[in-house]
Amino acid sequence: DQQVKQNSPSLSVQEGRISILNCDYTNSMFDYFLWYKKYPAEGPTFLISISSIKDKNEDGRFTVFLNKSAKHLSLHIVPSQPGDSAVYFCAASGAYKYIFGTGTRLKVLA
Amino acid sequence: EPEVTQTPSHQVTQMGQEVILRCVPISNHLYFYWYRQILGQKVEFLVSFYNNEISEKSEIFDDQFSVERPDGSNFTLKIRSTKLEDSAMYFCASGQGGQPNQPQHFGDGTRLSIL
């Protein structure tokens, strides 16, 4: 079941620069997408979400872009900070459940 | 800020034994979920629960698994006869509503190790 895919298992970015994390999905019926951040030994923490009727949602340093025709979403973090180092999961919201991608480990270098 | 709490943080069990993982969801939340993450793999949905009933379950959630809300605060996942492949992190989550735009809030997980 590869309905949600994150093709980059890891990403390293210099502090202050932009981090771009990507996610692709296959099911055009998904109507909501979310990004979660996960630190070791903790559960996923909600970061930002976007409805399928929008193409952009912004919250402080975090912006999520949705390209429905390409079935692609991305998370932009700018400026990146060392505390942003974590695993980032995108999730598609289906009926009563989330379908998660495999995650991208972001490392922000000081 | 209210949070979802899970106990124990680590459970070690012999294969074939029953195990119960416990969760205390956020108090005003009505929707409850279990997910698992096998080491190195993605977080997978197991089951959702609302109004004392299972709303949806995945193919992973077979007859070996059950969920219960025994009182007003706890939400449990029981695995009847554990197998080696049940070893994983199990995350409980809760949400105020079941709509897609209402984020689920996750606990820190229970690491289940089957020997």
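Data block above holds the structure.
Since this is a predicted model, take the numbers as computed values, not measurements. (Residues numbered from 1 in each chain as written. Chains lettered and ligands numbered in written order. Predicted model: local features only at pLDDT ≥ 70, side-chain atom pairs only at ≥ 80, totals over all residues. Heavy atoms only, no water.)

Trainee: Any chance you could break down the pairing of strand β8 (residues 75–79) of chain B for me, citing the residues and the numbers?
Mentor: Residues and elements named next belong to chain B. Burial runs high along β8: 4 of the 5 residues are buried. Note that strand β3 (residues 19–24) and β8 share 5 bridges and pair antiparallel. Bridge pairing links I20 to K78 in β8. With 4 bridges joining them, strand β7 (residues 65–68) and β8 adopt antiparallel strand pairing. Paired with V67 across the strands is L77, a residue of β8. (Buried < 20%, exposed > 50% of the residue type's maximum accessible area, 1.4 Å probe, protein only. Helix = DSSP H or I, 4+ residues; strand = E, 2+ residues; numbered from the N terminus. Pairing = 2+ DSSP bridges.)

Trainee: Could you give an account of the packing of aromatic side chains, naming the residues involved and the relevant values?
Mentor: The full count for this structure, using the stated rule, is 19 aromatic pairs over all chains. The interplanar angle of 85 degrees and the centroid separation of 6.1 Å between the aromatic rings of F89 of chain A and F100 of chain A together place this pair among those described as edge-to-face. Of this pair, F89 of chain A sits in strand β9 (residues 86–94) while F100 of chain A sits in strand β10 (residues 97–100); the two residues are 11 residues apart in sequence, bridging distant segments of the chain. With respect to burial, F89 of chain A and F100 of chain A carry one shared label: buried. Aromatic side chains Y33 of chain B and Y35 of chain B sit 6.4 Å apart centroid to centroid with 35 degrees between the ring planes, which places their arrangement in the tilted category. Each of the two residues, Y33 of chain B as well as Y35 of chain B, counts as buried. A network of ring pairs unites the aromatic residues Y36, F46, F89, Y98 and F100 of chain A together with Y33, Y35, F45 and F106 of chain B as a single cluster. (Phe/Tyr/Trp six-rings, centres within 6.5 Å; stacked < 30°, edge-to-face > 60°.)

Trainee: Could you give me a rundown of the sheet that holds β8 of chain B, with the residues and numbers involved?
Mentor: Residue and element names in this part refer to chain B. With antiparallel pairing, the 4 strands of this open sheet are ordered in space as β1-β3-β8-β7. Strands at the two margins of the open sheet, each flanked by one partner only, are β1 (5–7) and β7. Between one strand and the next, the sheet's axes are offset by a mean angle of 20 degrees, whatever the strand orientation. (Axes fitted to C-alpha atoms, helices over the stretch in contact; angles between N-to-C directions.)

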